[in-house]
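Topology and contacts: notes
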Amino acid sequence: MVTETHDNWLRVSCAALCRIAHADRYLLVLNRERRRHGEYVLAPLGGALAFTEPAPLLTLGARLEDPASSDLRFYLPDSALPRFRAWFASGHGRERSPFRELAEELVTETRALPALAPHDIAVTALRTVERRERTTRFGADGPLTHYFLELYEVRFLSEAFYQALAHPAADSGLVWLTRAEIASGTWHMAIDGQSRTVTVRATVLFGE
């Protein structure tokens, strides 16, 4: 048996991201965790995907980042990544919808909508993007992070939802930007009591 060393372990993080478009603009939100730490980053709505039970991950030798959480965030020997990729692509034993995180952001966190049900939206899976880079997540220092980002097109089935989201409250952290504005990489907005230059990380919506 080959013993894996610290140097060939990866941190793996899996998320569902939402491409929500209306009138040639795309809905983004300030990352809540980074905002709490005084860092302002606009990104697509969505968040961590969850597994239904940990056995498939543990079979691969994974070490869960938080054993009390079902989020697909864990440490894995680099040599096991192809087997994890095959499991992830199969869709078995994990979430395959961005609805849970989308509802949490729009209803619970930003309060931009009073309620949201699965039948209020149409969801189309677009593609999965893989990236490997240093994590920017607070409290997750260590190995490189290999990201599996599952991108979904989300449409509201009633115009009333677009109307409700058309002019988000200033403190909600929600904003509609054009593709060109997203590509610029920064945006100026009044948030948390002052005007700020905010980083925009959302080119993944366009395969970039």
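Heads up: these notes are all about the structure in this document.

Calculation rules
- Counting of residues starts from 1 at the beginning of each chain's written sequence and follows it residue by residue.
- Confidence filtering applies because this is a predicted model: local features only for residues at pLDDT of at least 70, side-chain atom pairs given and counted only at 80 or more, and all residues used for totals across whole chains, interfaces and linings.
- Values reported for side chains reflect all heavy atoms of the structure, with hydrogen atoms and water molecules removed beforehand.
- Aromatic rings from Phe, Tyr and Trp, taking only the six-membered ring of Trp, are treated as a pair when their centres fall within 6.5 Å; an angle between ring planes under 30 degrees marks them as stacked, one over 60 as edge-to-face, and anything in between as tilted.
- Numbering goes from the N terminus for both helices and strands, where a helix is a DSSP run of H or I of at least four residues and a strand is a run of E of at least two.
- Burial status follows relative accessibility: with a 1.4 Å probe on protein chains alone, a residue under 20% of its type maximum counts as buried, one over 50% as exposed, and anything between as partly exposed.
- A pairing counts as a salt bridge when a side-chain nitrogen of Lys or Arg comes within 4 Å of a carboxyl oxygen of Asp or Glu.
- When the sulfur atoms of two cysteines come within 2.5 Å, that pair is taken as a disulfide.
- The rule for pairing is simple: two strands pair if DSSP sees at least two bridges between them.
- To define a nonpolar core, start from buried Ala, Val, Leu, Ile, Met, Phe, Trp, Tyr and Cys residues and group those joined through side-chain atoms within 4.5 Å.
- Contacts are residue-level and defined by heavy atoms, with any inter-residue pair within 4.5 Å sufficient.

1. Here's the deal with the packing of aromatic side chains
According to the stated counting rule, one finds eight aromatic pairs in the structure shown. Pairing Phe74 with Phe84 gives two aromatic rings, centres 5.1 Å apart and planes at 65°, and the pair type is edge-to-face. In this pair, Phe74 sits in strand 6 (residues 73-77) while Phe84 sits in helix 3 (residues 81-90), placing the two residues 10 residues apart along the sequence. On the basis of relative accessibility, which here comes to 0%, the residue Phe84 falls in the buried class. Aromatic side chains Phe88 and Phe148 sit 5.2 Å apart centroid to centroid with 45° between the ring planes, which places their arrangement in the tilted category.

2. Considering the pattern of salt bridges
Scanning all chains against the criterion turns up 11 salt bridges. A salt bridge links Glu130 to Arg85; the shortest N-O distance between them is 2.8 Å. Of this pair, Glu130 sits in strand 7 (residues 121-133) while Arg85 sits in helix 3, and the two are 45 residues apart along the sequence. A single salt-bridge network, built from bridges that share partners, covers Glu95, Arg100 and Glu101.

3. Section: the state of the cysteines
Counted under the stated rule, the structure contains zero disulfides. Take Cys14: it sits in no disulfide, and the sulfur closest to it among the cysteines is that of Cys18, at 16 Å.

4. A closer look at the pairing of strand 3 (residues 25-30)
Burial analysis of strand 3 places five of its six residues in the buried class, the great majority of the element. Direction of pairing for strand 2 (residues 21-22) relative to strand 3: antiparallel, over a ladder of two bridges. Bridged to Ala21 within strand 3 is Tyr26. The loop that links strand 2 with its antiparallel partner strand 3 comprises two residues; one of these, Ala23, has a positive phi angle of about 55°.

5. Digging into the nonpolar core
If you look at soluble globular proteins, the nonpolar side chains tend to sit buried side by side. The biggest cluster of nonpolar side chains holds 38 residues, and the ones touching the most others in it are Leu72, Leu76, Phe84, Leu102, Leu106, Leu116 and Phe156. Listing elements by their share of this core, those giving two or more residues are strand 1 (9-19), strand 3, strand 6, helix 3, helix 4 (99-109), strand 8 (145-156), helix 5 (159-165) and strand 9 (174-177). Element by element, the count of residues in this core is highest for strand 1, at five residues. Filtering out sequence-adjacent residues up to four positions away, Phe84 remains in contact with Val12, Cys14, Leu57, Leu60, Phe74, Leu76 and Phe148. By size, the runner-up hydrophobic cluster in this structure holds 22 residues, among which are Leu30, Val175, Ile182 and Phe206.

Worth remembering: the numbers are spatial, not functional.
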